[in-house]
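# Structural overview for review
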Amino acid sequence: MTRYPDRIVCLTEETTETLYLLGQGDRIVGVSGYTVRPPEARRKPKVSAFINARFDKIEALQPDLVLAFSDLQADLSAELVRRGIAVVTFNQRSVAEILQMIRMLGGLVGCQPAAEALAARLEADLNRMRAESARFPRRLRVFFEEWDDPLISGIRWVEELVEIAGGTPVFPELAGARLARDRIVDPAEAAKRDPQVIFASWCGKKVNKDRIRGRAGWDCVSAVRDDRIFEIKSTYILQPGPASLTEGVRQMNAILKEQARYHVGDDA
């Protein structure tokens, strides 16, 4: 037995990407079928979706560690434990917890200094963006749409990144709700709060902007009226890992910077 795990299965993308950023991609022997970052990880055997897995295939890979995420994978984790496999299940839901996950993962694989450096770099980049966006001529009201039916607002790390990127979430009171069902919102209430920008990311399917525009009463919503509806692909923002802290927040920041400048003369 080696000192640290060297045959790792990742059931979600964020741990896969983190391990590659730490230079440890060669330790990964199996990944989720939804993995797209980094591209080379897609050459690894695919052993799971999100809420189901090929347990026989995982066992055949003889992993010494499986990495899972959240209560949604609790049953997968339990079954793997029953089969005698070591499992670590992360449950990060905020920017701070994502950074902590990176540090913890580094410790698990014996790369603590590299993980500390990666987390520190990501945090510094976010702090710089926060300082820059604080100088925007205005902050636009933002509705982040995590799902369309039922309508679900953004989870905590997403709403925190909206603020870092320069926007003001219209449902701040729901950001801390860990479960999607607790972030379901009434479309009429969302329209009433009149977001000036809509970011939409429907995990597993392409955003249909016409469906958003066609909701009853949404023709008067500023973001709809002024055509400020933007898709952020789920792999960039709904994965609680490096992708959301880099590409996801950068996309939102670029959009909000342009919109704030262009609409500086509008009513707030």
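Reference entry: report on the structure contained in this document. Small disclaimer: the values here were computed from a predicted structure and weren't measured. (Residues numbered from 1 in each chain as written. Predicted model: local features only at pLDDT ≥ 70, side-chain atom pairs only at ≥ 80, totals over all residues. Heavy atoms only, no water.)

## Some words on the environment of Ile229
We count it as follows: Numbered from the N terminus, helices here are DSSP runs of H or I no shorter than four residues, and strands are runs of E no shorter than two. For every residue, the accessible area obtained with a 1.4 Å probe (protein chains only) is divided by the maximum for its type, and the residue is called buried under 20%, exposed over 50%, and partly exposed between those limits. Should any heavy atoms of two residues lie within 4.5 Å, those residues are counted as being in contact.
Tracing the backbone through its elements, the reader meets Ile229 in strand E10 (residues 229–231). Residue Ile229 is classed as buried on the basis of its relative accessible area, which comes to 1%. The residues touching Ile229, leaving out its near neighbours within four places in the chain, are Ile198, Lys209, Ile212, Arg213, Ala223 and Val224.

## A short note on helix H3 (residues 74–82)
The condition is simple: This arc is built from the directions going out from the helix axis to the C-beta atoms.
Three or more residues of H3 are buried, namely Leu76, Ser77, Glu79 and Leu80. End-on view of H3: buried residues confined to an arc of 165°, all on one side of the axis. Along H3, exposed side chains directed more than 90 degrees from the buried face belong to Asp75 and Arg82. Buried residues in H3 make contact with helix H2 (55–60), strand E4 (65–69) and strand E5 (87–90). Positive phi appears at Gly84, one or two residues downstream of H3, with a value of about 85°.

## Some remarks on the side chain of Arg183
Stated formally: Throughout this description, a polar contact denotes any pair of N or O atoms lying within 3.5 Å of each other; where both atoms belong to protein, one of them has to be capable of donating a hydrogen while the other can accept it, and for residues adjacent in sequence the pair is counted only when both atoms sit in side chains.
Assignment of secondary structure puts Arg183 in the loop between strand E8 (167–169) and helix H7 (187–192). The class of Arg183 is buried, set by a relative accessible area of 2%. Within the structure, Arg183 has its side chain in polar contact with the side chain of Glu146 (distance 3.0 Å). Every residue in contact with Arg183, bar those within four places of it in the chain, is listed here: Glu146, Leu151, Ile152, Ser153, Gly154, Ile155, Leu174, Ala177 and Arg178.

## Some words on the nonpolar core
So the rule is basically this: Residues belong to one nonpolar core when they are buried, are Ala, Val, Leu, Ile, Met, Phe, Trp, Tyr or Cys, and are joined through side-chain atoms within 4.5 Å.
Core analysis: the largest hydrophobic core is formed by 48 residues, its most contacted members being Leu161, Phe199 and Met252. Beyond its immediate chain neighbours, meaning those up to four positions away, Met252 contacts Phe144, Val158, Leu161, Val162, Ala165, Phe199, Ile232 and Ile237. Of all hydrophobic cores here, the second largest spans 18 residues; its members include Leu174, Val185, Trp202 and Val221.

## Overview of the packing of aromatic side chains
Heads up, the condition is: Ring pairs are drawn from Phe, Tyr and Trp, using the six-membered ring of Trp, whenever the two centres fall within 6.5 Å, and their geometry is named by plane angle: stacked under 30 degrees, edge-to-face over 60, tilted for the rest.
Within this structure, the stated rule accounts for 3 aromatic pairs. Their ring planes at 65° and their centres at 5.8 Å tell us that Phe143 and Phe171 sit as a pair that is edge-to-face. Here Phe171 lies in the loop between E8 and H7 and Phe143 lies in strand E6 (residues 140–148), a separation of 28 residues in the sequence. Taken together, a centroid distance of 6.2 Å and an interplanar angle of 50° make the contact between Phe199 and Phe230 tilted. Pair noted here: Phe199 is in strand E9 (residues 197–200) and Phe230 is in strand E10, with a separation of 31 residues, a long-range link.

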